[in-house]
Amino acid sequence: MILPIYNAFHPILKTKTQPVENIDDGIVNLVNDMFETMQYAEGIGLAANQVGKSVSLLVVGDIYDENDKLVHPKQAYLNPEILAFSDEEEEFNEGCLSVPELREDVVRPTEIQLRFVDINGKEQNLFANGLLARVLQHEIDHLNGILFFERISPFRRTLIQNKLRKIKNGLIVPDYPMVLPNGQLTKEYVDVNK
Ligand code: ZN
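Note that the coordinates shown come from a computational prediction; the quantities given were computed from them, not determined experimentally.

Draft legend 1. Focus on the environment of Thr17. Checked against the element boundaries, Thr17 lands in the loop between strand 1 (5–6) and helix 1 (25–40). Residue Thr17 is classed as buried on the basis of its relative accessible area, which comes to 6%. It is 25 Å that separates the C-alpha atoms of Thr17 and His72, two residues lying 55 residues apart in sequence. Among residues more than four places away in sequence, those in contact with Thr17 are Asn49, Ser54, Val55, Ser56 and Leu143.

Written out as structure tokens, the structure reads:
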């Protein structure tokens, strides 16, 4: 099921999420809906609070290397925790499904060491670099109530103030359904194939 995505200025995206206690049908269904929603909205990652569920859970889509080889198949990360960051940092142009039509360069550590629980309940340790490390850091920020435009320079932030205000007020909306800060839904999802 396609779920509406919450606007970055909705209070749920400023609230730290709660750990997943057990992997019941509700969590399994949520993960499946999040993959479907992410694919529909053409995102590479999605955090549970972006679809209105304040739990520590994120999904990342298939990641390919420069030779179009699948290096990280799509995966759900429950209760993810970054154990270590590299000293080396890099800049990358980020976007966010909760912040339509905004892209900004964000500096983040290049590599991370991560611990998480997979959808089968197994604890895993992962070393991530490249696009995966980037997406995981962006999504884990969401789970902690942090938005990517809060990590840019104060100068850049001033320059985009007007655009952020338009996004907040629902004057810039995406093609996919979105829940605005006041709780209003921009549109219903209609599956033309059904
Ligand atoms: Zn995001």
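Draft legend 2. Geometry of the side chain of Ser86. Mapped onto the elements, Ser86 comes out in the loop between strand 6 (75–85) and strand 7 (89–96). Relative accessible area serves as the criterion here: at 16%, Ser86 is assigned to the buried category. Within the local environment of Ser86, its side chain forms a polar contact with the backbone nitrogen of Thr110, the two atoms lying 3.2 Å apart. Non-local contacts of Ser86, meaning those with residues more than four positions away in its chain, are made with Pro109, Thr110 and Glu111.

Draft legend 3. Up close: the pairing of strand 6. In terms of strand pairing, strand 3 (residues 57–60) meets strand 6 through four bridges, oriented antiparallel. Directly across from Val60, in strand 6, lies its bridge partner Gln75. Direction of pairing for strand 6 relative to strand 9 (residues 112–117): antiparallel, over a ladder of five bridges. Bridged to Phe85 within strand 9 is Ile112.

Draft legend 4. Local environment of the sheet that holds strand 2 (residues 45–47). Ordered by their spatial adjacency, five strands build an open sheet running 2-3-6-9-10, and the pairing between neighbours is antiparallel. Both outer strands of the open sheet, strand 2 and strand 10 (123–128), are each paired with one neighbouring strand and no more. Sheet twist, expressed as the average angle between the axes of neighbouring strands with direction ignored, equals 40°. Most of the contacts of helix 1 go to strand 3, to which it runs at about 40°, and overall it touches strand 2, strand 3 and strand 6. Contacting strand 2, strand 3, strand 6, strand 9 and strand 10, helix 2 (residues 130–143) crosses the sheet at an angle of about 155° to strand 3.

Draft legend 5. Helix 1, seen in detail. Between its terminal C-alpha atoms helix 1 stretches 22 Å, which fits the 22 Å expected from 16 residues at 1.5 Å a residue. Buried-residue contacts for helix 1 involve strand 1, strand 2, strand 3 and strand 6. Glu42 lies just past helix 1 and shows a positive phi near 60°.

Draft legend 6. Inspection of the layout of surface pockets at higher detail. In this structure, the largest pocket encloses a volume near 540 Å³. Around the largest pocket, the lining is made up of 26 residues, and of these Glu42, Gly95, Cys96, Leu97 and Arg103 lie nearest the centre. Going through the elements one at a time, strand 7, strand 8 (99–109) and helix 2 are the ones with two or more residues in the lining of the largest pocket. Here the residues of the lining of the largest pocket are counted per class, giving 14 nonpolar, five polar and seven charged. Estimates place the volume of the second largest pocket at around 200 Å³.

Draft legend 7. The arrangement of the packing of aromatic side chains in detail. By the definition in use, this model includes three aromatic pairs. Both rings, one in Phe9 and one in Phe149, keep their centres 5.7 Å apart while their planes meet at 25°; by these two values the pair is stacked. Within this pair, whereas Phe9 is found in the loop between strand 1 and helix 1, its partner Phe149 is found in the loop between helix 2 and helix 3 (154–159), the two being separated by 140 residues in sequence. Residue class for Phe9 comes out partly exposed when judged on its relative accessible area of 25%. Look at Phe149 and you get buried, because its relative accessible area is 2%. Taken together, a centroid distance of 6.2 Å and an interplanar angle of 65° make the contact between Phe148 and Phe149 edge-to-face.

Reading guide: rules and limits
Here the residue index of a chain counts from 1 through its sequence in written order. Confidence filtering applies because this is a predicted model: local features only for residues at pLDDT of at least 70, side-chain atom pairs given and counted only at 80 or more, and all residues used for totals across whole chains, interfaces and linings. Side-chain numbers come from the whole structure's heavy atoms, not from hydrogens or water. Where helices and strands are cited, they refer to DSSP runs of H or I of at least four residues and of E of at least two residues respectively, numbered from the N terminus. When accessible area is computed with a 1.4 Å probe and restricted to protein chains, residues below 20% of their type maximum are described as buried, those above 50% as exposed, and intermediate ones as partly exposed. Only heavy atoms matter for contacts: two residues are in contact if any of them lie within 4.5 Å across the pair. We call two N or O atoms a polar contact when they sit within 3.5 Å, provided that within protein one can donate a hydrogen and the other can accept it, with sequence-adjacent residues counted only if both atoms are side-chain atoms. DSSP bridges decide pairing: two strands pair if at least two such bridges lie between them. Comment: axis = line fitted to C-alpha atoms, over the contacting stretch for helices; angle = value between 0 and 180 degrees taken between N-to-C directions. Under the convention used throughout, the expected extent of a helix is 1.5 Å for every residue step, that is, one less than its residue count. A cavity here means a set of points on a 1 Å grid, drawn over the protein atoms and nothing else, where a 1.4 Å probe fits but cannot get out; a pocket is an open set with protein on both sides within 12 Å along at least five of seven lines, and a residue lines either one if it has an atom within 4 Å of a point. Grid points are joined across faces, edges and corners, and a volume is the space filled by probe spheres set on the points. All residues other than Ala, Val, Leu, Ile, Met, Phe, Trp, Tyr, Cys, Pro, Asp, Glu, Lys and Arg, Gly among them, are scored as polar; the first ten of these are nonpolar and the last four charged. Stacked, tilted and edge-to-face are the three classes applied to pairs of Phe, Tyr and Trp rings, where Trp contributes its six-membered ring and a pair requires centres within 6.5 Å; stacked means planes under 30 degrees apart, edge-to-face means over 60, and tilted covers the rest.

All we've got here are geometric facts, nothing functional implied.
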